[in-house]
Amino acid sequence: MPARYDPPDRVARIVNHVFRWLAEAGVSIAGTRALRVRGRKSGELRTVVINLLTVEGRDYVVSPRGNTQWARNARAAGEVETGPRWRRRRVRVVEVADGDKPNLLERYLDRWFWEVKGHTAGLTPDSTAEQLRAAAPSIPVFELVG
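Residues numbered from 1 in each chain as written. Predicted model: local features only at pLDDT ≥ 70, side-chain atom pairs only at ≥ 80, totals over all residues. Heavy atoms only, no water.

K.L.:
Would you mind going over empty space enclosed by the protein with me for this structure?
P.N.:
Over the atoms rolls a probe the size of a water molecule, and its path tells where empty space is left. As enumerated under the stated definition, the model contains one cavity of 30 Å³ or more in all. Computed from the structure, the largest cavity encloses a volume of approximately 30 Å³. Considering every element that reaches the lining of the largest cavity, the biggest residue donor is helix α3 (residues 101-116), with three residues. Of the residues contributing to the lining of the largest cavity, the split by class is seven nonpolar, one polar and no charged. (1 Å grid on protein atoms, 1.4 Å probe; cavity = no way out; pocket = protein on both sides within 12 Å on 5 of 7 lines; lining within 4 Å. Points joined across faces, edges and corners; volume = space filled by probe spheres on them. Helix = DSSP H or I, 4+ residues; strand = E, 2+ residues; numbered from the N terminus. Nonpolar A, V, L, I, M, F, W, Y, C, P; charged D, E, K, R; others polar.)

K.L.:
Help me understand the packing of aromatic side chains, please; the structure alone is not making it clear to me.
P.N.:
Given two aromatic rings, their pairing is described by the distance between the two centres and the angle made by the two planes. Counted according to the given criterion, the structure contains two aromatic pairs. Seen in terms of ring centroids, W70 and F142 are 6.0 Å apart; in terms of plane orientation they differ by 50 degrees. Their pairing is tilted. You can see W70 sitting in helix α2 (residues 69-77) and its partner F142 sitting in strand β6 (residues 141-145), a full 72 residues away along the chain. The same class applies to W70 and to F142, which are both buried. (Phe/Tyr/Trp six-rings, centres within 6.5 Å; stacked < 30°, edge-to-face > 60°. Buried < 20%, exposed > 50% of the residue type's maximum accessible area, 1.4 Å probe, protein only.)

Written as structure tokens, this is what we have:
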């Protein structure tokens, strides 16, 4: 997998902190959820805010910024916790194969492009199937199982 990573700037970190706090308190804004994953090196639980994509009854999380710390941690741990502080749910994560990502990426961009534009490897809601396939290896996508 290409090691693309688009780090958040200071403003994005502040906004993410506020949205993460709200998600942990159970307040979802446009589909946000708190996601906790154990650090690969520290072993400590790390919390990020994600957009939960549900397609045909299956839940997915997308790392539009690329190979982020949370994506690497989820890949290594094989499981994450989702939901607010008082109702956490532990689930397995299974990384989606690159060939299966284009449809999911298209749906993700249709819903959240306004939020993640500029961080999606050049993709837009109008990207062609060929462009989605080309970018798929640089955007981790995980299915939440269980």
